[in-house]
Structures are given as structure tokens and as C-alpha cells.
Amino acid sequence: MFFRSDCRHLGVVFTKATSDQKEEKAVQLLKDTNVWPPREHPPVVPPPGLDHTRQKYLFEKIRDFCSTEESKEIVCPKPALVVEDAVSSSNEDEASHPKRGRHQ
């Protein structure tokens, strides 16, 4: 299926089954040519990123297959420190080193 649009026929697409076919069919895209969709783009939804397990897997298992240091840093960078890991390690430190009380 081949199609084209024309600035003289806003809201219409011309289609034909093959590129060498002479006859085109006009398809009206808008129900009402006086009502246009908004020109603003929808809000950007940032991707959530990879979870720590996936980052760690890519860094440890896949990084060696990247051909350059630049591609290694793009595809398999060192995993970011996960907040839960930082909290659990600080809790472990506190457990092994109890807080000292004030001397009276």
C-alpha cells in the first residue's frame, strides 16, 4: 500500500495499492476538517531505567562483549548504588558498632 499527503488537501491521504497504479483513492482522516487535533505534544514520560539486578548483570556478564571502552560505558556502566543497599549496609554497620552513650 502506498500513500501520500498534499498540503492543498489538509486532513486527506491519497492511497493506491501499487506504486505504478495510476488511480488513487482519497481517504478523509478527520471527521470534521474545521476541528483539528491539538498541536501540543503530550507530556514526556521519562523511562524508569533498569533495576539494580539488570544493571549488575549487564556490568558483570555483558560488558566484556562490548568492543570499545566508550560502548562499555554506554551499554554496561557500573551499576548505580541502590538506596536499599546503602540503607542495609548502614544498618549492618550500626549493628556491628553499637552507638556509644554519653559519659555521665
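What you see is a predicted model; the values in this text were computed from it and never measured. (Residues numbered from 1 in each chain as written. Predicted model: local features only at pLDDT ≥ 70, side-chain atom pairs only at ≥ 80, totals over all residues. Heavy atoms only, no water.)

Asker: How should the pattern of salt bridges be read in this particular structure?
Answerer: Side-chain pairs of opposite charge can arise whenever the charged atoms involved come near each other. Applying the stated rule across the entire model yields 5 salt bridges. Between glutamate 73 and arginine 63 there is a salt bridge, with its nearest N and O atoms 2.6 Å apart. A residue pair is termed long-range when its members are at least 10 positions apart, and glutamate 73 in helix α2 (residues 69-75) and arginine 63 in the loop between α1 (52-62) and α2 qualify at 10 residues. A residue is classified by how much of its surface remains accessible, and arginine 63, at 14% relative accessible area, is buried. When salt bridges that share partners are traced, they join Arg4, Asp6, Arg8 and Glu24 into one network. (Salt bridge = Lys/Arg side-chain N within 4 Å of Asp/Glu carboxyl O. Helix = DSSP H or I, 4+ residues; strand = E, 2+ residues; numbered from the N terminus. Buried < 20%, exposed > 50% of the residue type's maximum accessible area, 1.4 Å probe, protein only.)

Asker: Can you help me understand the side chain of threonine 15 in this one?
Answerer: Topologically, threonine 15 is positioned in strand β2 (residues 12-16). Look at threonine 15 and you get buried, because its relative accessible area is 16%. Non-local contacts of threonine 15, meaning those with residues more than four positions away in its chain, are made with Met1, Phe2, Phe3, Glu23, Glu24, Lys25 and Val27. (Contact = heavy atoms within 4.5 Å.)

Asker: Before we go on, may I ask you to explain the environment of leucine 81 in this structure?
Answerer: Relative to the elements of secondary structure, leucine 81 occurs in the loop between α2 and α3 (83-96). Linking leucine 81 and histidine 52, residues 29 residues apart in sequence, is a C-alpha distance of 8.0 Å.

Asker: When you look at the sheet that holds strand β3 (residues 25-28) in this model, what are you seeing that I'm missing?
Answerer: In any sheet, the strands associate via hydrogen bonds between backbone groups, in a parallel or an antiparallel arrangement. With respect to topology, 3 strands assemble into an open sheet ordered β1-β2-β3, the strand pairing being antiparallel. Of all strands in the sheet, those bounded by a partner on one side alone are β1 (2-5) and β3. Adjacent strand axes in the sheet meet at a mean angle of 30°, parallel and antiparallel pairs treated alike. Pairing geometry for β2 and β3, over 4 bridges, is antiparallel. Bridge pairing in β3 places threonine 15 opposite lysine 25. (Pairing = 2+ DSSP bridges. Axes fitted to C-alpha atoms, helices over the stretch in contact; angles between N-to-C directions.)

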